[in-house]
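These are the residues of each chain, in order.
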Number of protein chains: 2
Amino acid sequence: MQFRNKNFLFGLFLSFAVVMTAGAQQFSKPEDAIKYRKSAFFVMNAQFSQIGSMVQGKVPYDAKVAADSAAVIEVMSKLPWTAFGEGTDKGETKARSEIWTDGAKFKEAQDRLISESSKLAAASKTGKLEDLKVVFSATAGACKNCHENFRAK
Amino acid sequence: MQFRNKNFLFGLFLSFAVVMTAGAQQFSKPEDAIKYRKSAFFVMNAQFSQIGSMVQGKVPYDAKVAADSAAVIEVMSKLPWTAFGEGTDKGETKARSEIWTDGAKFKEAQDRLISESSKLAAASKTGKLEDLKVVFSATAGACKNCHENFRAK
């Protein structure tokens, strides 16, 4: 078989963290799921902060950098949610129990972030800082909404 | 000013980790940079593992899931490299000193991963598992190349 070479085996060796079944991402250990969602949030926040620095006037507005960041945010906004599965409410996490007891509200909060992030990516492409400011604020509101309702202080 | 509302201020509050200057991402603390690049690698590996499970036949091939994962990998492959700045060679990291002493070779390793990830994304769109297998192997080779040369055991 053509793919049975060293690189392929290395690829499998890397595959410790995730087992995929029928289109839904699953993690072999709850710790991996928690680490995954925190990683996605951390990258998202770092990119969001880049745009924040421009919106705030701390650094000069650079339309390309802003658009690149917003594109990453749009991708990242969709990732963490599969990692809030059963058994991931304990451990190194600030996730509140409401995530699992009020799934509908949590889903709504996810959808809001995904939607705002998509608008942020669109606004970043206009090259106008004023456009970006408005949507940045709305996206920050989506972050805040979820933190206030579903993340422990 | 229209953006001086609570959401906007929250956005700024989030902006602890990153200060952007002239298009280059900078981190206020080396720990943040290290956490950022590790986060990006972790998300990338998790998505890569999803494809690996399909390539290996552990789970049924799902063209959409594979394409979604490959699209994320393509984005993630470009992110970690700005976070290998000065002062980030110490701390919670397996980064080897060669990253800083042989920058040209490290850059080459980055470019190889970015290039292979881009090919993986393209191959994932054909909907043919055989196409994906070949490029998966090549992408794993790019991971391995960098790990062997620049990451401590």
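Please refer to the structure higher up on the page.
Definitions and cut-offs
- Residues numbered from 1 in each chain as written.
- Chains lettered and ligands numbered in written order.
- Predicted model: local features only at pLDDT ≥ 70, side-chain atom pairs only at ≥ 80, totals over all residues.
- Heavy atoms only, no water.
- Helix = DSSP H or I, 4+ residues; strand = E, 2+ residues; numbered from the N terminus.
- Contact = heavy atoms within 4.5 Å.
- Areas by Shrake-Rupley, 256 points an atom, 1.4 Å probe, with all protein chains shown as cover.
- Axes fitted to C-alpha atoms, helices over the stretch in contact; angles between N-to-C directions.
- Parallel < 35°, antiparallel > 145°, perpendicular 65-115°, else oblique.
- Left-handed = near helix turned anticlockwise from the far one by under 90°.
- Nonpolar A, V, L, I, M, F, W, Y, C, P; charged D, E, K, R; others polar.
- Disulfide = S-S within 2.5 Å.
- Phe/Tyr/Trp six-rings, centres within 6.5 Å; stacked < 30°, edge-to-face > 60°.
- Buried < 20%, exposed > 50% of the residue type's maximum accessible area, 1.4 Å probe, protein only.

For the rest of this paragraph, the subject is the overall build of chain A. Of the regular secondary structure elements, chain A holds six helices and two strands. Tracing chain A from N to C terminus, the helices and strands come up as α-β-β-α-α-α-α-α. When contacts within chain A are restricted to residue pairs at least 6 apart in sequence, those whose partners lie at least 24 apart make up 68%. Of the roughly 7400 Å² of accessible surface on chain A, 55% is carried by carbon and sulfur atoms.

What follows deals with the packing of helix H3 (residues 63–76) of chain B against helix H5 (residues 103–124) of chain B. All names here are of chain B. Two elements in contact, H3 and H5, have axes whose closest approach is 8 Å; the angle formed by their N-to-C orientations is 160°. The angle between the axes of H3 and H5 places the two elements in the roughly antiparallel class. Seen along the crossing, H3 lies across H5 with a hand that is left-handed. Counting all contacts with H3, which are made through Ala 63, Ala 66, Ala 67, Ala 70, Ile 73 and Glu 74, the residues of H5 involved are Ser 117, Ser 118, Leu 120, Ala 121 and Ser 124. Considered class by class, the residues forming the contact of H3 with H5 number seven nonpolar, three polar and one charged.

For the coordinates displayed, the defined rule picks out zero disulfides over all chains. Between Cys 146 of chain B, a free cysteine, and Cys 143 of chain B, which holds the nearest cysteine sulfur, the sulfur-to-sulfur gap is 8.7 Å.

Quick look at the packing of aromatic side chains now. Residue and element names in this part refer to chain A. According to the stated counting rule, one finds 18 aromatic pairs over all chains in the structure shown. Centre to centre, the rings of Phe 48 and Phe 136 are 4.5 Å apart; their planes meet at 15°, and the pair counts as stacked. Taken together, the residues Phe 48 in helix H2 (residues 30–55) and Phe 136 in helix H6 (residues 129–150) connect sequence positions 88 residues apart. Here Phe 48 and Phe 136 have matching classes, each one buried. When the ring of Phe 84 is compared with that of Trp 100, the centres are 6.3 Å apart and the planes differ by 55°; the resulting orientation is tilted.

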